Amino acid sequence: MELRALHYFVTVAEELHFGRAAQRLSIVQSAVSQQITRLERELGVRLLERTSRRVRLTPAGERVLATARETLAAAARVRVVAGEPAAVLRIGTASCATWRLDRALDRLRVSERPAEPKLIDLPVTARLAAVRDGELDLALVRGAIASSAMTVVRAWSEPVHAVLARDHPAAGTSAIGLHLLDPRGLRLPARESDPPLHDALLAALPVAPLRPPAGDVSNVLFEVGRDPGGWTLMPAEQLTGSRSERLLHVPFDPPVAVDGHVVTSLATPKPCVASYVAAFAD
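What you see is a predicted model, and the numbers here were worked out from it, not measured in a lab.

Draft legend 1. Looking closely at a nonpolar patch on the surface. A cluster of nonpolar residues, M1, L43 and V45, forms a patch on the protein surface that exposes about 260 Å² of accessible area. With respect to the element layout, M1 can be found in the segment before α1 (3-15).

Draft legend 2. Layout of the pairing of strand β6 (residues 150-165). One ladder, built from nine bridges, connects β6 with strand β9 (residues 257-265); its direction is antiparallel. In the strand pairing of β9, W156 is matched with G260. Looking at chain direction, β6 and strand β7 (residues 231-235) are connected through five bridges and run antiparallel. Looking across to β7, one finds that A162 is bridged to L233. Summarising the sheet, β6 and strand β8 (residues 247-251) pair through five bridges and their orientation is antiparallel. Paired with L164 across the bridge in β8 is L248.

Draft legend 3. Broad picture of the pattern of salt bridges. For the structure shown, the criterion picks out 20 salt bridges. Note that E14 and R69 form a salt bridge whose closest N and O atoms lie 3.3 Å from each other. Taken together, the residues E14 in helix α1 and R69 in helix α4 (residues 59-81) connect sequence positions 55 residues apart. In this structure E14 comes out as partly exposed when scored by relative accessible area, which is 28%. Of the charged contacts in the structure, one is a salt bridge between R187 and D227, with a shortest N-O distance of 3.0 Å. You can see R187 sitting in the loop between β6 and α7 (195-204) and its partner D227 sitting in the loop between α8 (217-225) and β7, a full 40 residues away along the chain. Through salt bridges that share partners, E14, E15, R20, R24, R69 and R107 make up one connected network.

Draft legend 4. Inspection of unusual backbone geometry at higher detail. In this structure, P254 follows D253 across a cis peptide bond, with omega equal to 5°. For P254, the position within the fold is in the loop between β8 and β9. A positive phi angle, near 50°, is found at L16, a position not held by glycine. Positionally, L16 belongs in the loop between α1 and α2 (18-25).

Draft legend 5. Region of interest: the pairing of strand β3 (residues 87-93). The sheet contact formed by β3 and strand β4 (residues 115-121) spans seven bridges and is parallel. Looking across to β4, one finds that G92 is bridged to I120. As paired elements, β3 and strand β5 (residues 138-142) share two bridges and run parallel to each other. Residue pairing for β5: G92 is matched across the bridge by A139.

Reading guide: rules and limits
Residues numbered from 1 in each chain as written. Predicted model: local features only at pLDDT ≥ 70, side-chain atom pairs only at ≥ 80, totals over all residues. Heavy atoms only, no water. Patch = residues over 30% accessible without salt bridge, like charges linked within 9 Å, V, L, I, M, F, W, Y side chains within 5 Å. Areas by Shrake-Rupley, 256 points an atom, 1.4 Å probe, with all protein chains shown as cover. Salt bridge = Lys/Arg side-chain N within 4 Å of Asp/Glu carboxyl O. Helix = DSSP H or I, 4+ residues; strand = E, 2+ residues; numbered from the N terminus. Pairing = 2+ DSSP bridges. Buried < 20%, exposed > 50% of the residue type's maximum accessible area, 1.4 Å probe, protein only.

What follows is the structure, given as structure tokens:
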């Protein structure tokens, strides 16, 4: 039994889609199918149920998945002990942790060539400059980036929610239309705090903000919390796990989303870029 086959199986099990798994692995889909078929033949069980519409784990596949992950992690540790240290991967990000970041770090640690991520908290502008200058291996950025000096690849899309004061008129709704919120209550952080995200949120608005953007996210949330008509927009993953006595967040209907990007230097090899993107992909 090859570690490669287990790696392919874990990837397919996470994606539940052979095409997306092949993209993550940077190989053709037929090679993934062949490895899974060979692994099933060696084990004498079906690991995946495949139809034209979906892929799902069998009961045996569920059992094998946990052990396969443990085996890959153990193999990575063996490489380190044997003298192949995990490469330090410097990742520029914001200070808030999200489930996507946690999941990506796990994926990077148990990949075929394990990487030991090191998170570096920097403002977006400094984050991009550090990638360009070789001080970071990659940066995570929400919103569009246009650059001929770096490689920018879309990796995920996440919902944007309205953040409201708890006594806001829309606070009792399960979802709200963006056009129904009073533009007079909208507050946005100053553009310099996060230019790509600011521009993406601005592009989603049906009308231009009536108040000039000011301050950072903390200041905006403070202002929203003390104004019964105040509101702002934030990526939902950034809000996960947050608790506030004065604020709550509500999804939009129809949904509003912002794209997340992995940014690397032009010198980063394409297979490495593909593996970084796959780690953060939906």
